[in-house]
Structure formats: C-alpha cells, structure tokens
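This is what each chain is made of:
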Amino acid sequence: MASLYNNKYYHRDLSWLRFNHRVLQEAADTRNPLYERIKFLAIFSSNLDEFFRVRVSDIRQIRKIEKPLRKRLISKPNKVLKEIKVQVDIQQQEFGRIFTSEIIPALKKENIHLINASQFTTTQKLVAHNYFEETLKPKLEIKEYNAHKKDIAFVKNEALYLAALTEEGMVQLVEIPDDVPRFFTFPQQNGKHYITFVDDILKYSLRQTPKGEKNLEFFEIKKSRDAELYIEDEFSGNLKDKIENSLDRRETGEATRVLIDQKMPLEFQKILNNILDVTNTDVVKGGPYHNFKDFFGFPNPTSKKLSNEELPPLPHSMLANYDSIFKAIDAKDQLLHYPYHSFEPVIRLMEEAAVDEHVVDIRITIYRAAKKSRLNDAIRLAAANGKRVTVFIEVKARFDEKNNLKWGKIFEENGANVIYSYPDIKVHSKIMLITREVDGERIRYAYIATGNFNEKTATLYTDFGLMTSNKKIAKEIKKVFLVLDRTIIVPKTKRILVSPFTTRVHFTELVNNEIAYARAGNGGSITLKMNSLQDKGMIKLLYRASTAGVKVRLLIRGMCSLIPGIKGQSENITVTSVIDRFLEHGRVYIFGNSGDHEIYIGSADWMTRNLNHRIEVVTPIYDADHKKTIRDLVEIQLNDSIKARVIDRAQTNKYVAEDDKKIQSQLATYEYVKEHLSN
C-alpha cells in the first residue's frame, strides 16, 4: 500500500479515518466522564456510517469510469478501498476493545450493568418476554429465505436485522424495530441497575416455544447503501422536483457496506452474502451490536452526574443590553462565538426584522435548517407580514434535503420568494442581509458566519458570526444575493471573498504577501483554522511559504492532506487538531501582514469543492477589538495541552505533551468569553 502514501500529500479518505480515530481516542480517554466516553463511541459510529454511504460510495462509482478520466478523479480506487477496509477493521477492533474492556467495567463500577440475553435472571426473562409480547412482537415480521434456491433478500438501508440459520437450512431475517428505545431498563435489584439492548430481548424471545427453547443463534447485520441521488441532468427541468423525486433512491441504492457480527460462522457468512447479493469486499466485521449511534440515548438510571458539567451559552456583552439588535449593530460591529455565546441574538434580529415597520427586504441563505426553528418561524412571519423576503435554500445539502424542502414550502406558502439549488454547484455560504428604510435612507445590515442558521448546531459546534452595518461589506453581500437570484453572473467584490470567483485568488495573494515579507527579512506568519485542508494548489502554496521561512500554524479538526515537518518542504508548518465536547467548525484565516494582521472568517475550508464548486463567503474583520478577540481565541487553541493532537507526517494522533499550564482550550475559551465578552 506504499503507493497511497508519499511525502507530498496524505490521502484525503485515509486522513479522514485518522480524524475519526481521534474521536475514538476520546472514547478511550479516562479524563472524560463515563457518559461522554460513551457519546464519543456514538459519534465514531455515526461518522463511519456516513463515510461509507458517501465517500466509499463515491470511490466505488469512480471505479466504473474509463481510466483516463478516472485518474483525474482518484488514483488507484481499488487500492484505496482495500486500505480503507484494512484501517476500518483495525479501528473496529479498537472500538470493540474500548467498549468491552473499558466501558462495560466502568459502568459496573457505577452499579450499571449492561447485560446480554445469556445473563438474564429468571425474573428478567419474564420481564423481557412480557415486553416482547406486548410491545415488540406486534411490530415484527419474520422473513425466511432458501439459500439453495438463490433467494435474494431486500433489507432496508441502515436498518438493523437479526439473522439466523435454521436447522432446515432456511435463513431467517428479523428487522429490529426502530420506533422503540434501543435500550431496555429492568427493575432495579439490590441497588444495581440492569440495562439490555432491545436486540437481546428479541434474541431471547424469538427462541422461545411452548415446547422449550429452539436451538437458534441470531447474529446482527446492517446494510449501508449509496447516499448519492444520481440526478443525470441538473441543468434541464426543475432541479428541486428532481431532488425531491430522487430521495427514495437512497433506500434501494447499491451496497457500500454490510456490517456483520465477527463471530458469525464462515459458512453462514457465505450463505448470507448470496442472499444479500454482496461480496466479501462489502463485508465489514464488527461486534455483536451495530448502530452504536443509538448510544446517544443510553439511559443513566442513577442519580449521579456521569457526563460533563454544562456550559450554558452566555449572553453577549453588548447585544444583551440593547432592546434593538439594529441599534447595537449601528453602534458597532458585533462578533459572536458559538456555542459559548447564545444564538439568541440572531433569532432576535430576525424576529425584530419581521415586525419592524422600517424593514423592507430580507435575504438569507439556508444550508442546513433545524427541524424546529424560531429563526425560521420569524422568516415565515416576516413574509406573512408583507416584507420582501428571499430565501435561498440548498436542497442538495446531503441528508437534510427533506427538511429543507419542508421549510421551503412553508416560506412559499407565506409569501416568500424561495430559490432552490443551482445546477452543478452548492450554495454553502451562511449570509443574511436586512434592508431598512429610515427617513428616506436605506440602511443594510449583514450577517456573515462560519456556521449554519441552525439553533441546534449552534449549541454543539464552535462558530463565529459577524453582524455589521458596514456599507461596503453590506453592498458586496447584496451582490452575492444578486448572483443567487440570477440578476448578475459574477459579483465584483473588493473586500469579501466569494467562491468560486475570488476566494482562491485572494488567499493566494495573501500567502504570497507573507512569502515576500519573509524573503525581505520581515518575518511572515500564517495561522489558519478550518475543518479540512485538501486542495493541492493551496497546499503547494503553503509548502512554498514554509520554504521561504513563513511560520505556518494550522488548526485542522478533520482531514488534512498537507504533510508537515518535511525538511525542504514543510519544516516551518505545524498542524494541531482539537477534539473535545464541541465540534470545532469555525473557519479563521490570519495573515501577519508585517504586524498589521489581516483576519478573515467565513464558510470555506481549503478544499477544492469549497474553492471551485461552491458559493462561499468570507469576510474581513475590521474592528480592532474583534481582531484581538479572534487572535486570542485561536492562540488558546494552539496552546491546548489536554485535547490537542499533533498531526505529524504519519498522522499518528499523539496528544500534545501536557505542561504545567494544563490548558483545555474549550474550557479556557468559555472562561475567556465569560470574562471578556459577556455580561
């Protein structure tokens, strides 16, 4: 597999797996409370499910393309798939070890016993069987397939099934109901709490007959399917309708992974492969239970606090003191940092706009909407109140299409002008523009953020949002909306960066400026924080900066194709990754500029898709206070000595060596915001 690794670029998909390994490290980290460790197991599992449905599916489709074009998309797709399988198998083994050897014993110490069917007491068997008869049995359908007659079974995408081979040679498949809790809590006994998977209640009860227990062993399986919609022609007809009509295809797509119990006998595996119409390449061996993402809902039957202490969102130091968000923005640009700050000011801004007699126009882009949303309710109200409301909704936001379409319909029904996806490009920007008319003067208020207009993720993801009435910034944001409603084709902007038009060019200029400073002996520094770094053109540019003597510091949460620490190439580049309770999501770009720092925030990672194939918006930060705040917060992360990993050339994910300061950056950030940016 050496051909997949070189000293220039780390393969993006293998690097993503190293990111998910960092998530798994958090599950193993005994410094985390027990239920936080369990949550990280759930996150790891959920991440891996999506990886197979999206990235593995993409690579498999590339295999079918003619070789000349295929080489331009990805080299050696078969080798990539084999290496992915190797790495996933290693991580699955580690996952199983953490769960079995660390989590289960740790739960026992808290008098929480996660038991399987073989451990049920006589009383628990009666309780389990009653629950089966009353709740589970009415939901079940047992299907049988004859392996010798080459029967083919259809199993639902991502659904859990129990599979058994009968003495008569028939394969039984039973779908585990997904409309009941995954975990069942037995009555407490002698101060001890007993919990079981609903899977085990099924395994036990399905073996029971009036004549006794059947000799039948059930193994759990799950089939993941291709998540791509495969719309052949996005340019003709109604793209929104095509997407809406294609969503059901996910339920019947090609298999990207079949997860089985590693203890399943080899002969049964072969039979099951035939019935499921898959090959060994599709099969990934795991433990006896799948869908560990259900551990997000693992019950805590004790009175103990076994998770992190809450960090409630803090009120903004200025915005909380104004009865009008517009007045606050008039006074000064306002910078918010979620989830440390509450998302409430953004909601208040839209709620105020919905009823403000001076507001004449509201424009907003929505990429991933919350299912229940006061913000969206305010947008609906604004349209119903006769405001001119334009909402661009990206219905190609994977796995959020149905919810986005739902909100689009609600907005339309209330009089908003709703624009849906563009062909062949995604709108990933997070921008809003509100126009007021006061005493004959038009005043524009812009909001540019690194994260979505989503109240739920604003409590889980770290992001920045800027509220500004800067005339030049607001005017350029309006040009982006003119592109979205097809009034103009190219937005001519001098201050904000807009992909796919100016982002790459402007960032290239900024990096080259630092190279020039370094070569002139005036230093040179670049500090970047983003989710992912994959674009080879930008990586080459950072290598050039490093060889010129520019100090490059990178905070990369997810995949990183840049390889640091190579003499003559990247010895001046360091890469740090922080994984902690909140998902690091903000994009920040800081250029030294010989001491007069240029700072930007926005929605674009340095991935080819963000620079070339999406509409992204990045804004400069002009306010001196906000520039200092952003630099301070980034420095806190760069000095993390508890949750930071060093990304080296092999991406071994070693924790940064702890020092006497013991800085856990997310906790330190909360304290910083509490002291400097909150009431």
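All of the points below concern the structure found in this document. (Residues numbered from 1 in each chain as written. Predicted model: local features only at pLDDT ≥ 70, side-chain atom pairs only at ≥ 80, totals over all residues. Heavy atoms only, no water.)

**Comments concerning the sheet that holds strand 2 (residues 142-146)**
Then, number 1: Read across the sheet, 6 strands follow the order 2-4-3-9-10-11 without closing on themselves; strand pairing throughout is mixed. The sheet is open, and its two borders are formed by strand 2 and strand 11 (283-286), each paired with just one other strand. The sheet shows a mean angle of 30 degrees between the axes of neighbouring strands, taken without regard to direction.
Then, number 2: Both strand 10 (residues 255-261) and strand 11 contribute to a ladder of 4 bridges, which runs parallel. When the bridges of strand 11 are listed, Ile 260 appears paired with Lys 285. (Pairing = 2+ DSSP bridges. Helix = DSSP H or I, 4+ residues; strand = E, 2+ residues; numbered from the N terminus. Axes fitted to C-alpha atoms, helices over the stretch in contact; angles between N-to-C directions.)

**Here we look at the nonpolar core**
Then, number 1: If you look at the biggest cluster of nonpolar residues, it comprises 82 residues, and the most contacted ones within it are Phe 295, Leu 533, Leu 542, Leu 554, Leu 562, Tyr 589 and Trp 606.
Then, number 2: Apart from residues no more than four positions distant in its own chain, Tyr 589 is found in contact with Phe 507, Thr 527, Leu 528, Met 530, Glu 598, Ile 599, Tyr 600, Ile 601, Gly 602, Ala 604, Trp 606 and Val 618.
Then, number 3: Of all hydrophobic cores here, the second largest spans 42 residues; its members include Ala 354, Ala 382, Val 395 and Trp 407. (Core = buried A, V, L, I, M, F, W, Y, C linked by side-chain atoms within 4.5 Å. Buried < 20%, exposed > 50% of the residue type's maximum accessible area, 1.4 Å probe, protein only. Contact = heavy atoms within 4.5 Å.)

**Here we look at the pattern of salt bridges**
Then, number 1: Going through the model one piece at a time under the given rule, you end up with 37 salt bridges.
Then, number 2: The salt bridge partner of Asp 199 is Arg 182, with a shortest N-O separation of 2.6 Å. In this pair, Asp 199 is assigned in helix 6 (residues 198-205) and Arg 182 in the loop between strand 4 (170-175) and strand 5 (183-185), connecting sequence segments 17 residues apart. Grouping residues by exposure puts Asp 199 and Arg 182 together as buried. (Salt bridge = Lys/Arg side-chain N within 4 Å of Asp/Glu carboxyl O.)

**A look at the pairing of strand 22 (residues 551-556)**
Then, number 1: Taken across its 6 residues, strand 22 has 5 buried, putting it largely inside the fold.
Then, number 2: Bridge analysis of strand 21 (residues 525-530) against strand 22 gives 6 bridges, and the strand direction is parallel. Within strand 22, the position partnered with Met 530 by the bridge is Ile 556.
Then, number 3: This β-α-β element, strand 21 to helix 15 (residues 536-547) to strand 22, shows right-handed connectivity.
Then, number 4: Strand direction decides the pairing type here: strand 22 and strand 23 (residues 573-578), joined by 4 bridges, are parallel. Bridge assignment links Leu 554 to a residue of strand 23, and that residue is Val 575. (Right-handed = clockwise from strand over helix to strand, strands pointing away.)

**A closer look at the side chain of Glu 455**
Then, number 1: Within the fold, Glu 455 resides in the loop between strand 18 (441-449) and strand 19 (461-468).
Then, number 2: Of the side chains with opposite charge, Arg 374 comes closest to the buried, unpaired Glu 455, at an N-O distance of 6.2 Å.
Then, number 3: A distance of 3.0 Å separates a polar atom in the side chain of Glu 455 from a polar atom in the side chain of Ser 373.
Then, number 4: Of note is the side chain of Glu 455, whose polar atom sits 2.8 Å from the backbone nitrogen of Arg 374. (Lys, Arg positive; Asp, Glu negative; His and termini not counted. Polar contact = N/O pair within 3.5 Å; in protein donor to acceptor, adjacent residues only side chain to side chain.)

**Re the sheet that holds strand 5**
Note on sheets: strands pair through backbone hydrogen bonds, and any given pair is parallel or antiparallel.
Then, number 1: The 3 strands are arranged 1-6-5 in an open sheet whose pairing can be described as mixed. One side of each edge strand has no neighbouring strand; the edge strands of this open sheet are strand 1 (112-115) and strand 5. The mean angle between the axes of side-by-side strands here comes to 30 degrees, regardless of whether they run parallel or antiparallel.
Then, number 2: Sheet topology places strand 5 next to strand 6 (residues 193-197); 3 bridges connect them, and they run antiparallel. By the bridge assignment for strand 6, Phe 183 is matched with Phe 197.

**Some words on a positive patch on the surface**
Then, number 1: A surface patch of like charges, here positive, comprises Lys 371, Lys 372, Lys 406 and Lys 456.
Then, number 2: Owing to a relative accessible area of 66%, Lys 371 belongs among the exposed residues under this scheme. (Patch = residues over 30% accessible without salt bridge, like charges linked within 9 Å, V, L, I, M, F, W, Y side chains within 5 Å. Areas by Shrake-Rupley, 256 points an atom, 1.4 Å probe, with all protein chains shown as cover. Charge placed at Lys NZ, Arg CZ, Asp CG, Glu CD.)

**Some details on unusual backbone geometry**
For residues other than glycine, phi is negative in most cases, and the peptide bonds are mostly trans.
Then, number 1: The peptide bond linking Tyr 338 to Pro 339 adopts the cis configuration, its omega dihedral lying at -5 degrees.
Then, number 2: In this structure, Pro 339 sits in the loop between strand 12 (334-338) and helix 10 (344-355).
Then, number 3: Following Ser 499, the chain continues to Pro 500 via a peptide bond in cis, the omega torsion being 5 degrees.
Then, number 4: Look at Asn 190: it is not a glycine, yet its phi comes out positive at around 55 degrees.
Then, number 5: Relative to the helices and strands, Asn 190 resides in the loop between strand 5 and strand 6.
Then, number 6: Judged by relative accessible area, Asn 190 falls into the exposed class, the value being 80%.
Then, number 7: One non-glycine residue, Asp 277, lies in the positive phi region at around 60 degrees.

**Things to note about the pairing of strand 13 (residues 359-366)**
Moving residue by residue along a regular strand, the side chains alternate between the two faces of the sheet.
Then, number 1: Across the 8 residues of strand 13, 7 count as buried, placing the element largely inside the fold.
Then, number 2: Of the strand pairs in this sheet, strand 13 and strand 17 (residues 431-438) are connected by 5 bridges, and their pairing is antiparallel. Within strand 17, the residue paired with Ile 362 across the bridge is Ile 434.
Then, number 3: Running through helix 11 (residues 374-384), the crossover from strand 13 to the neighbouring parallel element strand 14 (residues 388-393) is right-handed.

**Focus on the packing of aromatic side chains**
Then, number 1: Under the defined criterion, the tally for this structure stands at 30 aromatic pairs.
Then, number 2: Judged by centre distance (5.4 Å) and plane angle (75 degrees), the ring pair of Phe 120 and Phe 186 falls under edge-to-face. Highlighted residues: Phe 120 in the loop between strand 1 and helix 5 (122-136) and Phe 186 in the loop between strand 5 and strand 6, separated in sequence by 66 residues. For the pair shown, Phe 120 and Phe 186 are each scored as buried.
Then, number 3: For the pair Tyr 338 and Phe 343, a centre-to-centre distance of 5.3 Å together with 65 degrees between the ring planes defines the contact as edge-to-face. For the residue pair Tyr 338 and Phe 343, the accessibility class agrees, reading buried in each case. (Phe/Tyr/Trp six-rings, centres within 6.5 Å; stacked < 30°, edge-to-face > 60°.)

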